[in-house]
Amino acid sequence: MLTNTKHAGYFLYHSIGMYPGKEQELAEATAEFAEVWAAPNDKQWGYVLLKRQDFIDYWRRIINVPKGSTTTCESVTNGMHMLMRSLPEGMLKGKRVLVSADCFPSVHFLLAGLAPKMGFTLDTVPMSEGKSWVEAEDFMAHWGRDVGLALLTWVTSTASARVDLAPLVAHGREMGSLIGADITQAAGLIPFDAMEPKVDFGLSTSLKWMCGTPGAGMLYVDKSLVLDLQPEARGWFSQNNPFSWDFDKFDYAPDIRRFDSGTPGSVAALASLPALRWHAGQDQKELAAWNHRLVNKIIARADALNLPLHSPRDADQRGGSVMLRFPDKAEPAALVGALGVEGYSVDFRGQLLRMSPGNVTAEETIDAVFDIAAEVMSRRRRRFAGKGPQSQNNETQNQNPVPPTELLGALGDMLLSGQVKIVDCTAVLGPDTPILHLPEDFAKNTPKVEIHQISEYDSDGPFFAWNWLKLGEHSGTHFDAPHHWISGKDFEDGYTDTLDVQRLVAPVNVIDCSEESDKNPDFLLTAEHVKAWEAEHGEINPGEWVVMRTDWDKRSHDEKLFLNDDPDPLEDGSHSPGPTTECIDYLLSKGIVGWGTQCIGTDAGMAGKMSPPYPAHNYLHRDNCFGLASLVNLDQLPPKGAILMAAPLKIEKGTGSPVRALAIVPQV
């Protein structure tokens, strides 16, 4: 196979798909389209429609169907909608539409919405207990004569489990049902013949193994069925002669063209042609054999790490991907991030790590991926303070034989003697405290801090003074709990009253970015910056804090200067430094307890424009980690050697809290 490309560590074939020379060929195809489309003549439509037909013809050959049976659609979901709304009125009324619990979720969403409108019952065949996919026998057991239509998922997107279509189709014929097949997850890798066994319709996309572009879907309908269908969306291209414009003489084309509606979108099909052309020129058996070899190696390495296989072990029952199940949904996400930083492209969905090796994937990269996985998993097991393996505790005690009571006593003596000092990393909390401003049409804002006097040694309280406060949880120097962000909403210990307080006191790594931030308020800390810092100061260890020193606290006397909002209200952002997505990925792979900044939030001011938006919030809290914002006096902390204590108020179901962040710093 061709593996001498820069994509040797690419395992994302279920998402986009890659082949040698794709970038150049795609650029050439789109440039040619731009040249033709921009020419001051009338040659455009002939060019575009012929290219679209080329796309259709490539797909016809892939699934072995005759002319006039295949057309374009935007996506599998769009194609399914086109098909469903073209069925004769009342055909499915009072009947069941049968799908499996591991069908593509988007299609299920569609069918669930159509059920009350079309009068059918959507019946979802569940997985058997202990199974990761729906077995063919279970599907057939639910398939009776009252099933008007069944959609078969050839290969699942959740387990890469492949069904044998022949017995299913044979059973469906006995039941008198309309039979469709979603072939997306294996089209282009495993041979598929829509004529054997013969299905009534088929759906796919040009992404994944076909390496095409988004929006280039394919709908196939058997020619004997298509004449009974009347697509709801009809237009001039739905006719045999598109230029027949008599309002009273509309007549559907006698083939699949009746689905073409108005002027058909063609750019996605045109842009996918280089990939389809490349695919047609390959040895299909060789493509499949290379994938099979690499998947077997992935399974062997996963077995060695005791990672449960979520896909069939038998290659004949599997597509081209392999899924591995992790006990904690945060683990595959963190591992994918760590691999991405090192240049390896792997995917995850919830608790599943998904790998799809293809023609550009180099075999040796599998070992590299699993070596990194082993290291990341080992570090992350040690990230919860006081909960590491007993062997780690014994190792630490052997390296440092001083009993804990003596260590704490020595610390107390050093505090009293001034050998260590306490640095206050907390800003003053009051009416002038800068508060984050969100666009009014986006979200409700936190109110300004208010301090109201109850008494001051007067008639309201003759012997005491006290106040009541009005403030948001995320005001001033504050703590972000995992439940603060949607990605962390499911952690039972993700609130300020349920979190593990053992994690709040930990060594702190201070990365000095003050010079860069002074020159550029939009400075972004990258993974490479962090690695360079580690090379100079030492490795960031599991269970430690990492904070970004920018000296932004020197702006806090002026809210406008501190927030540094963009003057253009349409920008919806501010100019302040923060981390890149890859930076957070890398830090989470190190097993940190949390991340802190000196700005109004844990993300950069313009992080809403990143992918994903607000990566510090999104990824930290997805990983059950903490955030600290509006820290001060980080210039008084060494790069390493200090202890940071950041304890939020124990607010019931609290998503965060103002804190008094204190650092224990050794005096040199």
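We now turn to the structure provided with this report.

### A short note on empty space enclosed by the protein
Okay, so step 1: Under the definition given, this model contains four cavities of 30 Å³ or more.
Okay, so step 2: Approximately 120 Å³ is the volume attributed to the largest cavity.
Okay, so step 3: Residue lining of the largest cavity: 14 residues in total, with Ser100, Val134, Phe139, Thr153 and Val163 positioned closest to the centre.
Okay, so step 4: Secondary-structure elements contributing two or more residues to the lining of the largest cavity are α5 (136-141) and β4 (147-153).
Okay, so step 5: Element by element, the count of residues in the lining of the largest cavity is highest for β4, at three residues.
Okay, so step 6: The residue makeup of the lining of the largest cavity, split by class, is nine nonpolar, three polar and two charged.
Okay, so step 7: Space inside the second largest cavity adds up to approximately 100 Å³.
Okay, so step 8: Every residue lining the second largest cavity is counted, 14 residues in all, and those nearest its centre are Leu189, Trp209, Leu287, Gly358 and Asn359.
Okay, so step 9: Among the secondary structure elements, those contributing two or more residues to the lining of the second largest cavity are α8 (267-280) and α9 (284-304).
Okay, so step 10: With three residues, the single largest contributor to the lining of the second largest cavity is α9.

### Some points on the pattern of salt bridges
Okay, so step 1: In total, this model carries 37 salt bridges according to the counting rule given.
Okay, so step 2: Across the pair aspartate 200 and arginine 173 runs a salt bridge whose closest N-O atoms are separated by 3.1 Å. Residue aspartate 200 is found in the loop between β5 (178-182) and β6 (201-205), and its partner arginine 173 is found in helix α6 (residues 165-175); the two are separated by 27 residues along the sequence.
Okay, so step 3: Overall, aspartate 200 belongs to the buried group, its relative accessible area being 12%.
Okay, so step 4: On the accessibility criterion, arginine 173 (37% relative accessible area) is partly exposed.

So, how was this worked out
Each chain carries its own residue numbering, running from 1 in the written order of its sequence. Since the coordinates come from a predicted model, pLDDT governs what is reported: local features require at least 70, and pairs of side-chain atoms require 80 or more to be given and counted, while whole-chain, interface and lining totals use all residues. In computing side-chain values, all of the structure's heavy atoms are included and hydrogens and water are not. Computed over the protein atoms alone on a 1 Å grid, cavities are sets of points where a 1.4 Å probe fits but cannot get out and pockets are open sets with protein on both sides within 12 Å along at least five of seven lines; a residue lines them when it has an atom within 4 Å of a point. Grid points are joined across faces, edges and corners, and a volume is the space filled by probe spheres set on the points. Starting at the N terminus, helices and strands are each numbered in turn, a helix being any DSSP run of H or I of at least four residues and a strand any DSSP run of E of at least two. Under the grouping applied here, Gly and all other residues not named as nonpolar or charged are polar, the nonpolar ones being Ala, Val, Leu, Ile, Met, Phe, Trp, Tyr, Cys and Pro and the charged ones Asp, Glu, Lys and Arg. We define a salt bridge as a contact between a side-chain nitrogen of Lys or Arg and a carboxyl oxygen of Asp or Glu at a distance within 4 Å. The buried label goes to any residue with under 20% of its type's maximum accessible area, the exposed label to any with over 50%, and the partly exposed label to all in between, with areas taken from a 1.4 Å probe on protein chains only.

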